[in-house]
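Chain and residue survey
So you can see what is in the structure, the chains are spelled out below.
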Amino acid sequence: MYKSVNKPTLLLLFLSVLLLTSCLDEDPCPGEPDVIHYDEPFILRFRTIDEGNPFDTTIYKIDSLIIVENDDTVKFRYTTAGNDSILKFRLRTFNAPNIWSHFDSVMISQVIFIFDSITRDTLVVKATPKERKEPCNSTWYSSNEIFFNSLLIRENGQSPCYLCGDTLTLYINH
């Protein structure tokens, strides 16, 4: 048979549970800990100063474009959407094994876009990966900077990624 509980007993039970839960330590890592986005895709939108697509004109041909990262040729995907020319590729410097062997040091990747035999633009990515074992066992970039032709165009601190899924627009002034 079911026996009813009087109000003082119920109140005492509720207060006991409340007191016990308030004594528990708060989770120092609520949710998922931050982890570097290894092999993060680099997505670029190239534009001319007058907002045109440099590959839709007679200026440059996409078939002639060569992308070189730290002396290695990089494969890329090219798509167009309206006046936009979008390139997608991955930086080899920022792969998981390389990052894991370079915690607490500045990593630099230099990417050269070779449009023709004369025209080149340079993109430099500088990032410092960090690892924290306590209390959350997380990884992130303590700082990261992106330069285009020596001009700082993006800067983040304490982030798990350098672009974080954004498309970076680069203006070619040739």
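Now for a description of the structure that goes with this document.

The rules behind the values
- Residues numbered from 1 in each chain as written.
- Predicted model: local features only at pLDDT ≥ 70, side-chain atom pairs only at ≥ 80, totals over all residues.
- Heavy atoms only, no water.
- Helix = DSSP H or I, 4+ residues; strand = E, 2+ residues; numbered from the N terminus.
- Contact = heavy atoms within 4.5 Å.
- Areas by Shrake-Rupley, 256 points an atom, 1.4 Å probe, with all protein chains shown as cover.
- Pairing = 2+ DSSP bridges.
- Axes fitted to C-alpha atoms, helices over the stretch in contact; angles between N-to-C directions.
- Salt bridge = Lys/Arg side-chain N within 4 Å of Asp/Glu carboxyl O.
- Buried < 20%, exposed > 50% of the residue type's maximum accessible area, 1.4 Å probe, protein only.
- Polar contact = N/O pair within 3.5 Å; in protein donor to acceptor, adjacent residues only side chain to side chain.
- Disulfide = S-S within 2.5 Å.

**Digging into the overall build of the protein**
Each helix and strand counted, the protein has 2 helices and 10 strands in total. For the protein, the N- to C-terminal ordering of α and β elements is α-β-β-β-β-β-α-β-β-β-β-β. Here the analysis covers contacts within the protein between residues at least 6 apart in sequence; of these, 53% occur between residues at least 24 apart. Surface accessibility of the protein: about 11,100 Å² in total, with carbon and sulfur atoms responsible for 55%.

**Side note on the sheet that holds strand β10 (residues 168-172)**
Here 4 strands make up an open sheet; going across it, the order is β4-β5-β1-β10 and the pairing mixed. In this open sheet, the two edge strands, each paired with only one partner strand, are β4 (77-81) and β10. Ignoring strand direction, the axes of neighbouring strands in this sheet form an average angle of 30 degrees. Bridge count for strand β1 (residues 41-48) against strand β5 (residues 84-90) is 6 bridges, and the pairing is antiparallel. Bridging from a neighbouring strand, F42 pairs with F89 of β5.

**Some thoughts on the pattern of salt bridges**
In this structure the tally under the stated criterion is 3 salt bridges. Residues K130 and D104 are paired through a salt bridge, measuring 3.1 Å at the closest nitrogen-oxygen approach. Of the two residues, K130 is situated in strand β7 (residues 120-132) and D104 in the loop between α2 (96-100) and β6 (107-114); the sequence distance between them amounts to 26 residues. Note on K130: relative accessible area 25%, which makes it partly exposed. Where R154 meets D166, a salt bridge forms, and the shortest distance between an N and an O atom there is 2.9 Å. A residue pair is termed long-range when its members are at least 10 positions apart, and R154 in strand β9 (residues 151-159) and D166 in the loop between β9 and β10 qualify at 12 residues. Exposure remark for D166: the relative accessible area of 36% places this residue in the partly exposed category.

**So, the side chain of S109**
Mapping S109 onto the fold places it in strand β6. A polar side-chain atom of S109 sits 2.6 Å from a polar atom in the side chain of E69. Filtering out sequence-adjacent residues up to four positions away, S109 remains in contact with E69, N70, L91, T93, F94, L123, V124 and V125.

**Side note on the state of the cysteines**
Tallied over the full model, the rule gives 1 disulfide. Across a sulfur-sulfur distance of 1.8 Å, C161 and C164 are joined as a disulfide pair. The disulfide joining C161 to C164 has a torsion of about 100 degrees about its S-S bond and is therefore right-handed.

**Points about the side chain of T93**
Tracing the sequence through the fold places T93 in the loop between β5 and α2. Under the relative-accessibility criterion, T93 is labelled buried at 10%. Those residues in contact with T93 that lie beyond four places of it in its chain are E69, N70, N98, M107, I108 and S109.

**A closer look at the sheet that holds strand β3 (residues 72-73)**
Pairing between sheet strands relies on hydrogen bonds along the backbone, with the strands arranged either parallel or antiparallel. Strand order across the open sheet formed by 6 strands is β3-β2-β6-β7-β8-β9, with antiparallel pairing between neighbours. Lying at the two open borders of the sheet, with one neighbouring strand each, are β3 and β9. Bridge analysis of strand β2 (residues 66-69) against β3 gives 2 bridges, and the strand direction is antiparallel. Paired with V68 across the two strands is T73, which belongs to β3.

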